[in-house]
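Fold and contact review
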Amino acid sequence: MTFDAHPRSSLIVALDFDSLTTALKFAKSVSDLVGMFKIGSQLFTSAGPEAVKQIAALGNGIFLDLKYHDIPNTVAGAVLGAAAMSGVQLVNVHSLGGSAMLRAAAQAVSAGVPMGADRPRLLAVTILTSMDQKTMRETGIGGSPLTRAVKLAQLSKKCGVDGVVASVQEARAIRKACGRDFLIVTPGVRPAEKSGERKKDDQERTATPAQAIKAGSDYIVVGRPIIAAEDPRAAAQVIVDEIASAK
Ligand code: C5P
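Residues numbered from 1 in each chain as written. Predicted model: local features only at pLDDT ≥ 70, side-chain atom pairs only at ≥ 80, totals over all residues. Heavy atoms only, no water.

Brief notes about the nonpolar core
Formed by 70 residues in total, the largest nonpolar core has its most connected members in L11, I55, V93 and I174. Counting residues in each nonpolar core, the second largest holds twelve residues, with L90, V165, V185 and V221 among its members. (Core = buried A, V, L, I, M, F, W, Y, C linked by side-chain atoms within 4.5 Å. Buried < 20%, exposed > 50% of the residue type's maximum accessible area, 1.4 Å probe, protein only.)

As structure tokens, this is what we get:
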């Protein structure tokens, strides 16, 4: 991964659209202001690998956020395929798939990449930022989001995963437990509104961009606050400025 010290390199914009035409038009309009674009299940389901190809051609890196969670062999095949797509710099799995699945994914992300060439980095989702303790209990996941996320991050690291997707509330503890080189990517980021309130949408564990960077995030993922803004360029710029002042 090329290291670009500009604050915009920490901003990943989630292209949560269902049409590639719309996503591409949007991506072009903000590509100079952001680091990477995130292609998730919505856009990938409707447009497939062609979405990765066309968005990657803009020159920003791609975070392919398909959160694989299946048996180890199937996940390894999917990660191998994702790693072979040109422009993909980040790819992810669910850490709840367990150690065999995480190890298989970590091996797959390096396989097929020529010696010395850069490979995508593998992330593991700890606990979705839309989940709170009640939703965790509902699905049989014990403990607090913080305790669980740190434990899942440690497990992921042990299995050879490069980093995690976690909420800002857990970033500091994960950094402490997993060290400086472990990547931390935080969604659930909401800039403070002028009223001082924060629009959460369906996110439960939210924080501002500055809080995210101060807590140790390497990248922040922002969707609706930019893609649904009246002026997306201005919204992105405010966030980049906030990242710059927090670094
Ligand atoms: O619109 P918003 O800023 O809430 O978008 C956040 C993005 O990050 C979405 O694309 C969502 O799928 C993704 N994400 C998340 N929580 C995770 C992992 C990914 O919100 N744990």
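Some details on the site of the ligand
Surrounding the ligand, one finds 17 residues, the nearest of these being D16, K38, R190, G223 and R224. With respect to the ligand, the side chain of D16 contributes an N or O atom lying 2.7 Å from an oxygen atom. Considered on its own, the ligand offers 470 Å² of accessible surface; in the complex 89% of this is hidden by protein. Elements with a contribution of two residues or more to the shell around the ligand: β3 (61-68), β8 (219-222) and α10 (224-227). Here the shell around the ligand is built from residues that sort into eight nonpolar, three polar and six charged. (Near = heavy atom within 4 Å. Polar contact = N/O pair within 3.5 Å; in protein donor to acceptor, adjacent residues only side chain to side chain. Areas by Shrake-Rupley, 256 points an atom, 1.4 Å probe, with all protein chains shown as cover. Helix = DSSP H or I, 4+ residues; strand = E, 2+ residues; numbered from the N terminus. Nonpolar A, V, L, I, M, F, W, Y, C, P; charged D, E, K, R; others polar.)

Let's talk about the sheet that holds strand β4 (residues 88-94)
Pairing within the closed barrel is parallel, and its eight strands lie in the order β1-β2-β3-β4-β5-β6-β7-β8. Strand-to-strand twist in this sheet, taken as the mean axis angle between neighbours without regard to direction, amounts to 25°. Note that strand β6 (residues 163-165) and strand β7 (residues 183-186) share three bridges and pair parallel. Pairing of G163 across the sheet is with L183, part of β7. The strands touched by helix α5 (residues 99-110) are β3, β4 and β5 (121-125); relative to β4, the strand with the most contacts, the crossing angle is about 165°. (Pairing = 2+ DSSP bridges. Axes fitted to C-alpha atoms, helices over the stretch in contact; angles between N-to-C directions. Contact = heavy atoms within 4.5 Å.)

Regarding the pairing of β5
Among the five residues in β5, four count as buried, and that is most of the element. As paired strands, β4 and β5 are joined by five bridges and run parallel to one another. When the sheet's bridge partners are listed, V93 is paired in β5 with A124. As judged from the three bridges shared by β5 and β6, these two strands associate in the parallel manner. From the neighbouring strand, V125 faces β6, where its bridge partner is V165.

A closer look at the packing of aromatic side chains
According to the stated counting rule, one finds one aromatic pair in the structure shown. Centre to centre, the rings of F17 and F26 are 5.4 Å apart; their planes meet at 50°, and the pair counts as tilted. Assigned by exposure class, F17 and F26 land together as buried. (Phe/Tyr/Trp six-rings, centres within 6.5 Å; stacked < 30°, edge-to-face > 60°.)

Considering the side chain of R175
Tracing the backbone through its elements, the reader meets R175 in helix α8 (residues 168-178). Side chain to side chain, R175 and D218 meet in a polar contact 2.9 Å long. Those residues within four positions of R175 in sequence are excluded, and the remaining contacts are R180, F182, I184, G216 and D218.

Here we look at the pattern of salt bridges
Using the criterion set out here, one finds ten salt bridges in the structure. For D65, the salt bridge goes to K38, with nearest N and O atoms at 2.6 Å. Residue D65 is located in strand β3, and its partner K38 is located in strand β2 (residues 36-40); the two are separated by 27 residues in the primary sequence. K38 shares its class with D65; the two are buried. (Salt bridge = Lys/Arg side-chain N within 4 Å of Asp/Glu carboxyl O.)

Quick look at the pairing of β4
Among the seven residues of β4, six are classified as buried, and the element is accordingly described as predominantly covered. One ladder, built from four bridges, connects β3 with β4; its direction is parallel. Counted as the bridge partner of L64 is V91 from β4. Between the parallel pair β3 and β4, the chain is carried across by helix α4 (residues 72-83), and the sense of this crossover is right-handed. On the question of chirality, the crossover connecting β4 to the parallel β5 by way of α5 is right-handed. (Right-handed = clockwise from strand over helix to strand, strands pointing away.)

No statement about biological role is implied by the geometric values presented.
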